[in-house]
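These are the residues of each chain, in order.
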Amino acid sequence: MIVTIDGPSGAGKSTVANQLAKRLGFRHIDSGAIYRALTLLALKHNRDIEGEDLSDFFRGLDIRYEFLDDGSFRLLVNGEDVSDAIRSDEVSNKVSIVAKKKEYRDIVNDILRRLVVGGDFVLDGRDMGSEVFPNAEVKFYLTASLEERARRRYEDYKMMGIEKDMGDVKKELEERDEKDMNREYGALKKADDSFYIDTTNKKIKEVVEEMETKIKERLQKEEESDADEYFQQLLEEKREPIMEDIEGIKKGKVVHIDDSVV
Ligand code: DC
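None of these values were measured; they are calculated from a predicted model.

Of the regular secondary structure elements, the protein holds nine helices and eight strands. What you see for the protein is a C-alpha radius of gyration of 25 Å, clearly larger than the 18 Å of a compact globule of 262 residues, by over 25%. Considered along the principal axes of its C-alpha atoms, the protein spans approximately 90 × 45 × 35 Å. Buried residues in the protein amount to 42% of all 262 residues. Taking the intrachain contacts of the protein between residues at least 6 apart in sequence as the baseline, contacts between residues at least 24 apart amount to 72%.

Turning next to the sheet that holds strand β4 (residues 73-77). Spatially, β3-β4-β5 is the arrangement adopted by the three strands of the open sheet, whose pairing is antiparallel. Of all the strands in the sheet, the pair left with one neighbour each is β3 (63-67) and β5 (80-81). Sheet analysis places β3 next to β4, joined by five bridges and oriented antiparallel. Paired with Ile63 across the strands is Val77, a residue of β4. Across the sheet, helix α2 (residues 31-44) touches β3, β4 and β5, and the angle it forms with β4 is around 35 degrees.

Below, the discussion takes up helix α7 (residues 146-159). For α7, with 14 residues, the first-to-last C-alpha span of 20 Å sits near the 20 Å given by 1.5 Å per residue. Restricting attention to buried positions, one finds in α7 the residues Leu146, Glu148, Arg149, Ala150, Arg152 and Tyr157. Against the buried residues of α7 lie α4 (89-99) and α8 (166-182). Just downstream of α7, Gly161 is the residue with a positive phi angle, here 80 degrees.

Let us look at the packing of α7 against α8. Contact geometry for α7 and α8: axes closest at 9 Å, N-to-C directions at 115 degrees. Considering how the two elements wind past one another, α7 and α8 form a crossing that is right-handed. Of α8, the residues touching α7 (which contributes Leu146, Glu147, Arg149, Ala150, Arg151, Arg153, Tyr154 and Tyr157) are Met166, Val169, Lys170, Glu172, Leu173, Glu174, Arg176 and Asp177. Its residues assigned to classes, the contact of α7 with α8 comprises seven nonpolar, no polar and nine charged.

Parameters and conventions
Residues take numbers from 1 onward in each chain, read along the sequence in its written order. Totals for whole chains, interfaces and linings use all residues, but because this is a predicted model, local features are given only for residues with pLDDT of at least 70 and pairs of side-chain atoms are given and counted only at 80 or more. Values shown for side chains rest on all heavy atoms present in the structure; no hydrogens or waters enter the calculation. Note on conventions: DSSP H or I runs of at least 4 residues are helices, E runs of at least 2 residues are strands, and numbering of each starts at the N terminus. Only C-alpha atoms enter the radius of gyration; for comparison, a globular chain is expected to reach 2.2 Å times N to the power 0.38, where N is the number of residues. For every residue, the accessible area obtained with a 1.4 Å probe (protein chains only) is divided by the maximum for its type, and the residue is called buried under 20%, exposed over 50%, and partly exposed between those limits. When checking whether two residues touch, look at their non-hydrogen atoms; a contact exists if any pair is within 4.5 Å. Think of it this way: DSSP has to see at least two bridges between two strands before they count as a pair. Here, axes are lines fitted to C-alpha atoms. For helices the fit covers the stretch in contact, and angles between N-to-C directions go from 0 to 180 degrees. The span you would expect from a helix comes to 1.5 Å times its residue count less one. Definitions for this section: a left-handed crossing has its near helix turned counterclockwise from the far helix by less than a right angle. A right-handed crossing has that turn clockwise. Classification used: nonpolar for Ala, Val, Leu, Ile, Met, Phe, Trp, Tyr, Cys and Pro, charged for Asp, Glu, Lys and Arg, polar for all others including Gly.

Below, the structure is given as structure tokens:
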């Protein structure tokens, strides 16, 4: 089963995706982490992110997720764990240049589609439900007010030991929203069939529970429709012999009815 969570920076996507994955026994993929990993490797190899075509370089990278039991993950590039390095300011400032190019988005989307084959996943990003996984079973669009998202980002920085001005954090977010929403390819967009959740005044636990309920409802519906299909099929198979028996009874024939008919 595929569950997608899209929304702007600071809406709480990764936190809830992680907890949701843990509760459901699914795996969590943060698609932004792959854009960040490509950016980090380009910077590490002193490539010109804006000027060069880095498609071959990016395609040659061995990108792997290592899923941990607590619902979190580590990201490995060519065997090296880059999970922490991709969160640096330098990467954050450059990643939107990589994320706006269609060729690079196609590479990331191929990686994502390959990763999820045959499994149960929660994927978060900007275009997971609208573009990359249009047939996902359950889609969510998470958002929160700019003030609340800035407050959360500010707290995240503080936890990482980085002192920032709240006004600057808010401005950074506004700029990122503008880039995410207005780029030509893979722009942040709510998929028509997604559940909209405003997390501004909600606790993480509340949001996760709300999402879990929607997913379980969906799973239940799937089970019911599978059962319906099964009984329809059974009915089709049995219809002809039953009709023959009924015709026979009408003509006075003695028929034997066993529990396979019932
Ligand atoms: O969610 P994040 O801040 O880690 O995302 C990093 C960058 O990647 C950000 O510029 C948005 C972009 N991104 C994207 O364009 N499409 C996605 N599916 C996920 C992230």
